Amino acid sequence: MTRFVADTRRDTKARSPRLSRVRRSPEARALIWLGPSLILILGVVVYPIVILVQTSLDRINLTGLDKGFVGFANFQKLFSQPDLVPVLWNTASWVAVSVTLIMVLGFFVAELLNQRFPFRKAIRLALLVPWAASVLMTAMGFRWIYSFYYGALNPVLQALHLISSPVDWLGTDATFFPSLVIVTVFVSVPFTTYVLLAGLQSIPGEVLEAAVIDGAGRTQVARFVTLPFLRPYIGLAAVLNAIWIFNSFPLVYILNKSNPGYSHDVALTYMYKLAFDTALDMGEAAAMSVVNVMILTVFVILYMRVLRPEDAEAA
Amino acid sequence: MRQSRRATLLFLLAGLVVGALALAPYLQMFLTAAKTANEVQAIPPTLLPEHWDFSNFLTVWTAVPFADYLRSTLIVASGSTVLVLLVGIPAAYYLARFRFRGRRIYLLLMIMTQVFAPASLVIGLFREYIAFGLIDSYAALIIPDAAFNAAFTIWLLHGFFASIPPSLEEAALIDGCSTLQALVRVSLPLAMPGIVTAAIYSFIAAWNEFVVALTILSTEDKKPLTVGISEFLGQFNVDWPHLFAGSLIAIVPVVILFAVIERYLVNGLTAGSVK
Amino acid sequence: MRSMGNERGAIPGRVAAVLAAAVLLVSACGGSASSPSVAASAPASVASSAAASTAAGGTLNVVVADYTTDSDNWWKNTFVPAFQQKTGITVNLQVMSWADIHQKVASMVQTGQAPDILNIDTYANYAEQGLLLPVSSVISPATQADIVPALLKSGEYNGTGYAMPIIASSNILYYNTDLFTKAGISGPPTSWADIQADAQKISALPGGYIGYAMQLGPQVPQTEWSVWQWAGGGDYKTNGAWSLNTPANVATLSFMSDLANKYKVTEVNPGKTNMVDGTWPLFIQGKAGMVIGNPAVGQQIATKATGVKWAAVPFPSMNAGGKGVVLGIADYIMAFKQKTDNTAAVKQFLDAFYAQQAYGEFAKLSTLLPATTSGAATMSSDPNLKPFIDALAQATFTPAQDPGWDKVLGAMKTYMGLGLQGTSATDTLNQVQTAIGN
């Protein structure tokens, strides 16, 4: 074994200078270095989109066989579903309300953790738990906590006299959405806090001190010093959170598991149910997926505009 | 800036509330896992277990094929971590060192992997796998896990490589090393913290992946932890103590790993956009 | 072929779902009887079986489904070795898990390598393609006569039997006898009016009891719905067409909705409640007066020692005096036609399997109910199983063998629960019917 390794090393050393000097165009070299990642991304991200589009234009029978081209029939069927508009509205309000709350709460927690006080490090670490833990398992924990008969939430709220009788949090139409938003916020605030904290810590101490010496009050410091420094971090966290929440299938899948109908579904769970759970119509589900891909394309554009990664590259 | 003792106390109090809220659901999971199957269904529920019963953390290994789930998760998470490093390191290095035409398109593709999660493409993946005969295989999970973590890995490592002065490698090149050798001998060791971070992050992401596994896998002993545990909530007698015992066993290692890379996490997620 | 979705969706094998509850429970509570002791007693059981003919070898490929570790080991270590020794027939046995048995068998069949004998939960697609040997040619008349007629009939396709029930289960009405006594109710309900009155009395008891635990949530709404539907005079199909929105069914769903919303004798939101994590625990913990369930409920009461005293009867028909309703569930064993005639060996195998002692062992290890009269006679000594075994004789089966059933199931999972949550019975069933139609 050892001998073999030693031999190889000597061998490569001997021949490498020549090999590395072979003339290639920069693009050809780029292809060698970037090729493997390109193949991976094309195969797993781009090609499935192609298949989705193709599937959405075909009729797929119950056993998954492709029965050929049907034009836009799947889209017509999808767009005639009375559930589609509520599902899209649920999705939009879920993402918008959650992101707003996440940014506000994340900002306060980040400000807090930017102060000096005992156990600060321990609290930072506690925040890692909801971030690191699988969203699926966290969602199941909340499902249990929300449970009408067995959950801890009802007795606690009753003991605090906040509610007079138990509430079926996930089964009542009026309380489902707030309950979902709470879990969404819970799992997203840690990441947001970390990003905003990085932003806060990027503000040079002298700048803050200068502002205070100049007689700026707390709100003025926040408005004229902190916010401008924080703006790129806020943009990043908001966009990444929005993308992440839209894609956060397990949250709704688990919390909505006992509810019939589609009235609490979001874009991804609706698509999934159409394909695998209830309607068993791959064609229509693929059409819904294409709708989802178009929504995500908007996110790609947003990402590019807000974050301008190539500018950073150039810097 | 100095702050008063009162302010410190106030911050501490607020901090403790934040920490307690962050841990509360997991504490509740722990308390449930320590109850007997009977007590857990008591109405009204008990707050603390009447009889602390930690045996659920042991019996979960036999009540369900938990060891199989864990093995599958380890195979998939390790496999995708190796794969993402194999494709990510050269890509990140090249992006940090060279200019080329098509760079913008490549970056666009990277962003797409960050925006398009497996959940939104799962039907496409599902049909692709059927066509390629990959249904119900580990490869069917390893490949997308690696692909969707590629962006994080490449962004993060790109930052590390960019911060290593090219002059160090030039010395190696003059000594007769190839670009690849210069990378392996000079830059890789220097970028090791980034590589460890990328590896751990990919590992955790794959560890927690759910929707592809739910759709692609059907064989019981190939199922990863996420799918196996989610099925407690399905056709079985719903066994909350075991469900949460299993969940906590699955959560603890990733939290520890996350704590290890804590200081680099934000770099990877914000690199390429916030400087 | 069952679709991927259904396999994962809820129930890989109909009976498997039932046993899954039982398996988890048994193994969670400190180990079940392991195979060695069974293996020791094995040769005797087969030796004494009816398969006494002396065949001249041959080979059988046998695929069986995984019910419990114990039943798997029984096939591998007990039955097959003894059968091989006795007959000289070589048996290639494969035990497959429910997770992939459909996929694997489908590919075996498609590549012309169908097993000689197969144990699974679906047969109609194979019967339709003419791949199966009729029951009458693969088991002796005596064995055939021993199988419970209602179960045997459930294995028919176009009037000919192609699949033999290998194992069964039944869903009937559990009631909590302590609560019934406390509420001054003398016996089980015999009509829907009784159900309503009894449920009201139990709900009125102090202590927050639930009169009737009902579930049309999206997990297994078909269990509750099938029983009510048949008891109300409706059926899934009428003259060969799906008929979910018939007037009889509308009346049934309205009645159920009234129990939930008008008389409020059910648990909260029954249209959003599932069975195993919803209605069953309520009954097992003694909180509910009545619930529909299979033997697993009684088994859980015993293992969790919740002290609930119960009895179980077929679900009462709408009007007093009608026949009680039982939802039967069966898995099947079937024989595939082969290029060379294998019927003699198949017949030996199946007759040996269905022989009283061998089959009794298998049924017991599977933790499900026996499909034969002789097996039933042995297992009826268990008072917890007796009502369910007796009920099998009058069991009705869902059209689960129909290729359109998955779609019907999907439509019911999506919409049925809404009928208890404020949507009218007519609208709900029309939605179900529409969803099936397209």
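It should be noted that the structure appears before, not after, this text.
This text gives an overview of the structure that appears in the document. Here the structure is a predicted model, which is why all the values come from computation and not from measurement.

**As for the overall build of chain C**
- Across its full length, chain C carries 22 helices and 13 strands.
- Taken over 438 residues, chain C has a buried fraction of 63%.

**Looking at the side chain of T226 of chain B**
- Within the fold, T226 of chain B resides in helix α11 (residues 225–230).
- What T226 of chain B contacts, discounting residues up to four positions off in sequence, is S134, L136 and M137 of chain A together with W207, N208, E209 and F210 of chain B.

**What to know about empty space enclosed by the protein**
- For the coordinates displayed, the defined rule picks out nine cavities of 30 Å³ or more.
- Roughly 1100 Å³ of volume is contained in the largest cavity.
- The wall of the largest cavity is formed by 38 residues, among which W244 of chain A together with A117, N149, Y201 and A205 of chain B lie closest to the centre.
- Top contributing element to the lining of the largest cavity by residue count: helix α6 (residues 139–163) of chain B, with six residues.
- In terms of residue class, the lining of the largest cavity is made up of 27 nonpolar, nine polar and two charged.

**As for the pairing of strand β1 (residues 59–65) of chain C**
Residue and element names in this part refer to chain C.
- Summarising burial for β1: five of the seven residues are buried, a large majority.
- Judged from the seven bridges that link them, β1 and strand β2 (residues 90–96) form a sheet pairing that is parallel. Along β2, the bridge assignment pairs N61 with N92.
- Viewed along the sheet, the connection from β1 through helix α5 (residues 69–87) into β2 turns out right-handed.

**A look at the interface of chain A and chain B**
- Across the boundary between the two partners, chain A contributes 104 residues, which contact 106 residues of chain B.
- At the boundary of chain A with chain B, total buried surface from both sides reaches about 9300 Å², with 76% on carbon and sulfur atoms.
- Here chain A is connected to chain B by two salt bridges.
- Notably, a salt bridge pairs K121 of chain A with E262 of chain B, separated by 3.0 Å at the nearest N-O pair.
- The interface formed by chain A and chain B holds eleven residue pairs in polar contact (both at pLDDT 80 or more) in total.
- With 22 residues, the top contributor of residues to the side of chain A that touches chain B is helix α2 (residues 26–56) of chain A.

**Section: unusual backbone geometry**
- Here I43 of chain B and P44 of chain B are connected by a cis peptide whose omega angle stands at -5 degrees.
- With respect to the helices and strands, P44 of chain B occurs in the loop between α1 (5–33) and α2 (56–63).
- If you check the backbone angles, N158 of chain C has positive phi at about 50 degrees while not being a glycine.
- Summarising the element assignment, N158 of chain C is placed in the loop between β4 (156–157) and β5 (160–161).

**Things to note about the packing of aromatic side chains**
Residue and element names in this part refer to chain C.
- If you walk through the whole model with that rule in mind, you get 71 aromatic pairs over all chains.
- Each ring, one from Y174 and one from W310, has its centre 4.9 Å from the other, and the planes form 55 degrees; the classification is tilted. Linking Y174 in strand β6 (residues 164–176) with W310 in strand β11 (residues 310–313), this pair joins segments that are 136 residues apart in sequence. The residues Y174 and W310 share a single accessibility class, namely buried.
- For the ring pair Y359 and F362, a centre distance of 6.4 Å and an interplane angle of 40 degrees mean the geometry is tilted. Linking Y359 with F362, this pair stays in helix α18 (residues 356–366), spanning three residues, or about one helical turn.
- What makes Y359 buried here is its relative accessible area of 0%.
- Residue classification places F362 among the buried positions, given a relative accessible area of 0%.

**Some points on helix α6 (residues 101–110) of chain C**
Residue and element names in this part refer to chain C.
- Buried within α6 are the following residues: I101, H102, V105, A106, M108 and V109. In an axial view of α6, the angular spread of the buried residues amounts to 160 degrees, which keeps them on one side of the axis.
- Where α6 terminates, the next one or two residues include G112, which has phi positive at roughly 70 degrees.

**A word on a nonpolar patch on the surface**
- Where nonpolar side chains cluster on the molecular surface, the patch consists of V156, L160 and L162 of chain A together with L47, L48, W52 and F54 of chain B and spans about 740 Å² of accessible area.
- If you trace the backbone, L48 of chain B turns up in the loop between α1 and α2.

**Thoughts on the pairing of β11 of chain C**
All names here are of chain C.
- Residues W310 and A312 of β11 are buried on one face, while the alternating residues A311 and V313, pointing to the opposite face, are not.
- Here β6 pairs with β11 via four bridges, running antiparallel. Along β11, the bridge assignment pairs Y175 with A311.

**Describing the packing of α5 of chain C against α18 of chain C**
All names here are of chain C.
- Where α5 contacts α18, the axes come no closer than 8 Å and their chain directions differ by 150 degrees. The angle between α5 and α18 falls in the class roughly antiparallel. Contacts from D70, S71, W74, W75, T78 and F79 of α5 reach α18 at A358, E361, F362, L365 and S366.
- Across the contact of α5 with α18, the residue classes tally to six nonpolar, three polar and two charged.

**Some points on the side chain of T372 of chain C**
All names here are of chain C.
- With respect to the helices and strands, T372 occurs in the loop between α18 and α19 (373–379).
- On the accessibility criterion, T372 (1% relative accessible area) is buried.
- Only 2.9 Å separates the side chain of T372 from the backbone nitrogen of G375, close enough to count as a polar contact.
- Excluding anything up to four places from it in sequence, T372 contacts D146, I147, V148, Y354 and Y359.

**Considering the packing of helix α17 (residues 343–354) of chain C against α18 of chain C**
Residues and elements named next belong to chain C.
- For the pair α17 and α18, the least separation of the axes is 5 Å and the interaxial angle reads 70 degrees. Considering their axes alone, α17 and α18 lie roughly perpendicular with respect to each other. Contact residues: A352, F353 and Y354 in α17; Q356, A358, Y359 and F362 in α18.
- Grouping the constituent residues of the contact of α17 with α18 by class yields six nonpolar, one polar and no charged.

Cut-offs used in this document
Residues numbered from 1 in each chain as written. Chains lettered and ligands numbered in written order. Predicted model: local features only at pLDDT ≥ 70, side-chain atom pairs only at ≥ 80, totals over all residues. Heavy atoms only, no water. Helix = DSSP H or I, 4+ residues; strand = E, 2+ residues; numbered from the N terminus. Buried < 20%, exposed > 50% of the residue type's maximum accessible area, 1.4 Å probe, protein only. Contact = heavy atoms within 4.5 Å. 1 Å grid on protein atoms, 1.4 Å probe; cavity = no way out; pocket = protein on both sides within 12 Å on 5 of 7 lines; lining within 4 Å. Points joined across faces, edges and corners; volume = space filled by probe spheres on them. Nonpolar A, V, L, I, M, F, W, Y, C, P; charged D, E, K, R; others polar. Pairing = 2+ DSSP bridges. Right-handed = clockwise from strand over helix to strand, strands pointing away. Buried area = accessible area lost by both parts, 1.4 Å probe. Salt bridge = Lys/Arg side-chain N within 4 Å of Asp/Glu carboxyl O. Polar contact = N/O pair within 3.5 Å; in protein donor to acceptor, adjacent residues only side chain to side chain. Phe/Tyr/Trp six-rings, centres within 6.5 Å; stacked < 30°, edge-to-face > 60°. Arc of directions from axis to C-beta. Patch = residues over 30% accessible without salt bridge, like charges linked within 9 Å, V, L, I, M, F, W, Y side chains within 5 Å. Areas by Shrake-Rupley, 256 points an atom, 1.4 Å probe, with all protein chains shown as cover. Axes fitted to C-alpha atoms, helices over the stretch in contact; angles between N-to-C directions. Parallel < 35°, antiparallel > 145°, perpendicular 65-115°, else oblique.

Everything listed is a geometric property; what it means functionally is a separate question.
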